[in-house]
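Summary of structural features
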Amino acid sequence: VQLQASGGGLVQAGDSLRLACAVSGITVSTYTMAWFRQAPGKEREFVSALFRTGYNAYYATSVRGRFTVSRDNARNAVYLQMTSLKHEDTAVYYCAAERRLIMSTMERDNAYDYWGQGTEVTVSS
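In this report, the structure presented in the accompanying data block is examined. (Residues numbered from 1 in each chain as written. Predicted model: local features only at pLDDT ≥ 70, side-chain atom pairs only at ≥ 80, totals over all residues. Heavy atoms only, no water.)

Comments concerning the overall build of the chain
Assigned secondary structure in the chain consists of 0 helices and 11 strands. Reading the secondary structure of the chain in the N-to-C direction produces β-β-β-β-β-β-β-β-β-β-β. Here the chain has a C-alpha radius of gyration of 13 Å; the compact-globule value for 125 residues is 14 Å, and the two agree. Projected onto its principal axes, the C-alpha coordinates of the chain cover approximately 40 × 30 × 25 Å. The buried share of the chain, reckoned over its 125 residues, is 46%. Counted over contacts in the chain with a minimum sequence separation of 6, partners at least 24 positions apart contribute 58%. Surface summary for the chain: the accessible area is close to 6400 Å², and the carbon and sulfur share equals 44%. Both charge centroids of the chain, one from 13 positive and one from 11 negative side chains, sit 7 Å from each other. (Helix = DSSP H or I, 4+ residues; strand = E, 2+ residues; numbered from the N terminus. Rg over C-alpha atoms; globule rule 2.2 N^0.38 Å. Buried < 20%, exposed > 50% of the residue type's maximum accessible area, 1.4 Å probe, protein only. Contact = heavy atoms within 4.5 Å. Areas by Shrake-Rupley, 256 points an atom, 1.4 Å probe, with all protein chains shown as cover. Lys, Arg positive; Asp, Glu negative; His and termini not counted. Charge placed at Lys NZ, Arg CZ, Asp CG, Glu CD.)

What to know about the state of the cysteines
Applying the stated criterion to the full structure yields 1 disulfide. Between the sulfur atoms of C21 and its disulfide partner C95 the distance amounts to 2.1 Å. Note on the C21 and C95 pair: the S-S dihedral is about 65°, so by sign convention the disulfide is right-handed. Of this pair, C21 sits in strand β3 (residues 17-24) while C95 sits in strand β9 (residues 91-98), and the two are 74 residues apart along the sequence. Classification of C21 as buried rests on a relative accessible area of 0%. For C95, a relative accessible area of 1% corresponds to the buried category. (Disulfide = S-S within 2.5 Å.)

Thoughts on the pairing of strand β7 (residues 67-72)
On a regular strand, each side chain points to the face opposite its neighbour's, so the side chains alternate between the two faces of the sheet. Bridging between β7 and strand β8 (residues 77-82) involves 6 bridges; their strand directions are antiparallel. Pairing of S70 across the sheet is with Y79, part of β8. Taking the residues between adjacent antiparallel strands as the criterion, β7 and β8 are bridged by 4 residues, where N76 takes a positive phi near 55°. (Pairing = 2+ DSSP bridges.)

Some words on the nonpolar core
Formed by 40 residues in total, the largest nonpolar core has its most connected members in W35, L80, M82, Y93 and Y112. Of all elements in the fold, only β1 (2-6), β3, β4 (32-38), β5 (45-50), β7, β8, β9 and β11 (119-124) reach the threshold of two or more residues within this core. For this core, the leading source of residues is β9, giving 5 residues. (Core = buried A, V, L, I, M, F, W, Y, C linked by side-chain atoms within 4.5 Å.)

Brief notes about the packing of aromatic side chains
Throughout the structure, instances matching the rule amount to 7 aromatic pairs. Between Y31 and Y114, the aromatic rings sit 6.2 Å apart at their centres with planes inclined by 55°, giving tilted as the arrangement. One end of the pair, Y31, is in the loop between β3 and β4; the other, Y114, is in strand β10 (residues 114-115), with 83 residues separating them in the sequence. The structure contains a cluster of three or more aromatic residues connected by ring pairs, namely F36, F46, Y94, Y112 and W115. The aromatic ring of Y94 is capped on one face by R44, whose charged end is 5.3 Å from the ring centroid. (Phe/Tyr/Trp six-rings, centres within 6.5 Å; stacked < 30°, edge-to-face > 60°. Lys NZ or Arg CZ within 6 Å of the ring centre and 35° of its normal.)

Quick look at the environment of L85
Its location among the elements puts L85 in the loop between β8 and β9. As a C-alpha pair, L85 and G9 span 76 residues in sequence and 12 Å in three-dimensional space. Once you skip the residues sitting within four places of it in the chain, L85 turns out to touch V11, A13, G14, D15, S16, L17, R66, F67 and V123.

Here is the structure:
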């Protein structure tokens, strides 16, 4: 199983960026897919999750209304559209997958079996 995150870069505050997670070895439509991030000197934190059942999307309070998670079953990929970026969004972003995720655990990184390598997002203020 491989998850390949891409799309990170250096942007200015207020800009938009779209991250992609290309997946192989599993079918994204049958997994709950999530995004986490880790800022320098901080622990990895939950950003968003898209459940395999019902396609319900969940977001951390800090990104709700600015970020949108989506899935392309044909490409077997997951995306994170980020708008109105803030300096505090600066982090390495990771995609993750779990087949039988329990909703109450979705914000815990140890609830996910598969992880990508991360893509770095830097937002200048």
